[in-house]
Amino acid sequence: MVVDLPLTLTYNVMHATAVQQGAVMQDANILDPQKYVLWQPPADYEIHVGPEQVGVRLPQVPLPIHIADMPQDGSVPSDHAIGTGVSDYLREFPECPHNVIYAELLRDGYAHYLADLGAQVVMLDSKDVEPAYIARKLTYLKIFRLLEPRNTGLLWQLCRGYYDLGLTFTELPRVRHHLLAAMRFGQDLLRIEAQHQGALNLMAEIDILFGDYPSAQQRLRTLRDLVGQGPAAAAVEGRLRNCIETGFPDHPLVDDLERIAEAMQLSASGNYQQATEILERLEIDDYFCSELKSADFLCLLGLCRLRSGDRAGAFDALSQALEADPENKQAREALENF
């Protein structure tokens, strides 16, 4: 009688018997053990690519393979399974161990996967998409950056992309994470091109959000000297003057953004009164209002007031939201329903 072994037991048997053909490794570094295993290729093992079946030697590092694609008889996975596993794993975990080696393997042996990533980046660039798709595009850009670590164009797209994502209203629960990612890529960019005007400007704005006004002033002075005369210079000078006047704030603005995220979560759970209290404290904070007050904020405040029974306060906030952004669909619909 043939007995179907449990999957984990099957792989333990494989680990003990597949010495000549490579082995599945019980490695704590695997980032999703429910979907992948790490497979150690045999020495000098090659895959074959292209119409001419050119040999490409596999790197001697553990390669992620989908569990479903791993042969249970201890044989090596197919060339297709290797490419699919590495590509999918890198899309999910672009900062995983051996990520550069994995990207190089895709470049040398599975270029069609990279071509597909490039096509998706171009498609997402041409559309107004939800934050989840923007995050996916940024992940793909990080994979390309593994192959071109000094590509300033990629670094700028990553810096600007994570900054914009962080300030997207629905992404405020992860604002600190996104801004730190933007800062990291901006710093990498400025190490290569110290006078990149876009990066200097964006990094100054990130410094302001984190309350580091001395650093923001230094970047803005450098930027002012670079842009010369004209409207851009006047705008930089005005921002610099604002930073000097602000001095040392008692809290960073990123804390206020996280308070909005907290209010959003309270509202989603039906706790409208507590959400309103948080938002109303922000509404009377001059520092917050001068930097971050927006139509989305006013719309959220109006909806929370409405659901708390404060119809007059709701009407006022929603009217302000629509005045600030006549295209704010949520505020318009709420006012029409009054």
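Residues numbered from 1 in each chain as written. Predicted model: local features only at pLDDT ≥ 70, side-chain atom pairs only at ≥ 80, totals over all residues. Heavy atoms only, no water.

## Side note on the side chain of Gln120
- Relative to the helices and strands, Gln120 is located in helix α4 (residues 111-125).
- Here Gln120 falls in the buried class, since its relative accessible area comes to 17%.
- Residue contacts for Gln120: discarding those within four places in its chain leaves Arg91, Arg136 and Tyr140. (Helix = DSSP H or I, 4+ residues; strand = E, 2+ residues; numbered from the N terminus. Buried < 20%, exposed > 50% of the residue type's maximum accessible area, 1.4 Å probe, protein only. Contact = heavy atoms within 4.5 Å.)

## Section: unusual backbone geometry
- Phi at Asp44 takes a positive value of approximately 65°, unusual for a residue other than glycine.
- Mapped onto the fold, Asp44 is located in the loop between β2 (36-40) and β3 (46-49).
- Phi angles above zero are rare outside glycine, and Gln53 is one such case at about 50°.
- Inspection of the secondary structure puts Gln53 in the loop between β3 and β4 (54-57).

## Overview of the pattern of salt bridges
- A complete count under the given rule lists 20 salt bridges for this structure.
- The shortest N-O distance in the salt bridge between Glu258 and Arg176 comes to 2.9 Å. Note that Glu258 is positioned in helix α11 (residues 253-268) and Arg176 in helix α7 (residues 175-192), a separation of 82 residues in sequence.
- Residue Arg176 is classed as partly exposed on the basis of its relative accessible area, which comes to 29%. (Salt bridge = Lys/Arg side-chain N within 4 Å of Asp/Glu carboxyl O.)

## Some thoughts on the pairing of β3
- Here β3 shows a clear split, with Ile47 and Val49 buried on one side and none of Glu46 and His48 buried on the other.
- The sheet contact formed by β3 and β4 spans four bridges and is antiparallel. Its bridge partner being in β4, Ile47 is matched across the sheet by Val56.
- Between β3 and β4, which pair antiparallel one after the other, the connecting turn spans four residues, and Gly50 there sits at a positive phi close to 80°. (Pairing = 2+ DSSP bridges.)

## Topic: the side chain of Glu283
- Residue placement: Glu283 occurs in helix α12 (residues 272-283).
- Its relative accessible area of 17% is what places Glu283 among the buried residues.
- Among the polar contacts made by the side chain of Glu283, one reaches the side chain of Arg305 at a distance of 3.0 Å.
- Contacts of Glu283, omitting those with residues within four sequence positions, involve Cys289, Phe297, Leu301 and Arg305. (Polar contact = N/O pair within 3.5 Å; in protein donor to acceptor, adjacent residues only side chain to side chain.)

## Let's talk about helix α10 (residues 231-246)
- A rise of 1.5 Å per residue sets the reference length of α10, with its 16 residues, at 22 Å; its end C-alpha atoms lie 23 Å apart and thus fit the reference within 8%.
- Taken as a whole, α10 has its buried residues at Ala233, Val236, Arg239, Leu240 and Cys243. Burial along α10 is one-sided: seen end-on, the buried residues are contained in an arc of 130°. For α10, the exposed residues lying more than 90 degrees away from the buried face are Pro231, Ala235 and Glu245.
- Summarising the contacts, the buried residues of α10 are in contact with α8 (197-209), α9 (213-227) and α13 (286-291). (Expected span 1.5 Å × (residues − 1). Arc of directions from axis to C-beta.)

## Topic: the packing of aromatic side chains
- Tallied over the entire structure, the rule returns eight aromatic pairs.
- Judged by centre distance (5.0 Å) and plane angle (80°), the rings of Tyr36 and Tyr89 are edge-to-face. Here Tyr36, found in strand β2, pairs with Tyr89, found in helix α2 (residues 79-92); they are 53 residues apart in sequence, far enough to count as distant.
- Overall, the relative accessible area of 1% leaves Tyr36 in the buried class.
- According to the relative accessible area criterion, Tyr89 is buried, its value standing at 2%.
- Relative to Tyr45, the ring of Trp39 has its centre 6.1 Å away and its plane inclined at 90°; by these criteria the two rings are edge-to-face.
- By the ring-pair criterion, three or more aromatic residues cluster together here, those being Tyr36, Tyr89, Phe93 and Tyr102.
- For Arg184, the ring lying beneath its charged end belongs to Phe185, and the centroid distance is 4.6 Å. (Phe/Tyr/Trp six-rings, centres within 6.5 Å; stacked < 30°, edge-to-face > 60°. Lys NZ or Arg CZ within 6 Å of the ring centre and 35° of its normal.)

## Some remarks on α9
- Here α9 contains 15 residues, and its C-alpha end-to-end distance of 21 Å stays within 8% of the 21 Å for a straight helix at 1.5 Å per residue.
- Lining the buried residues of α9 we find α7, α8, α10, α11 and α13.
- Backbone geometry just downstream of α9 places Gly228 in the positive-phi region, at approximately 75°.

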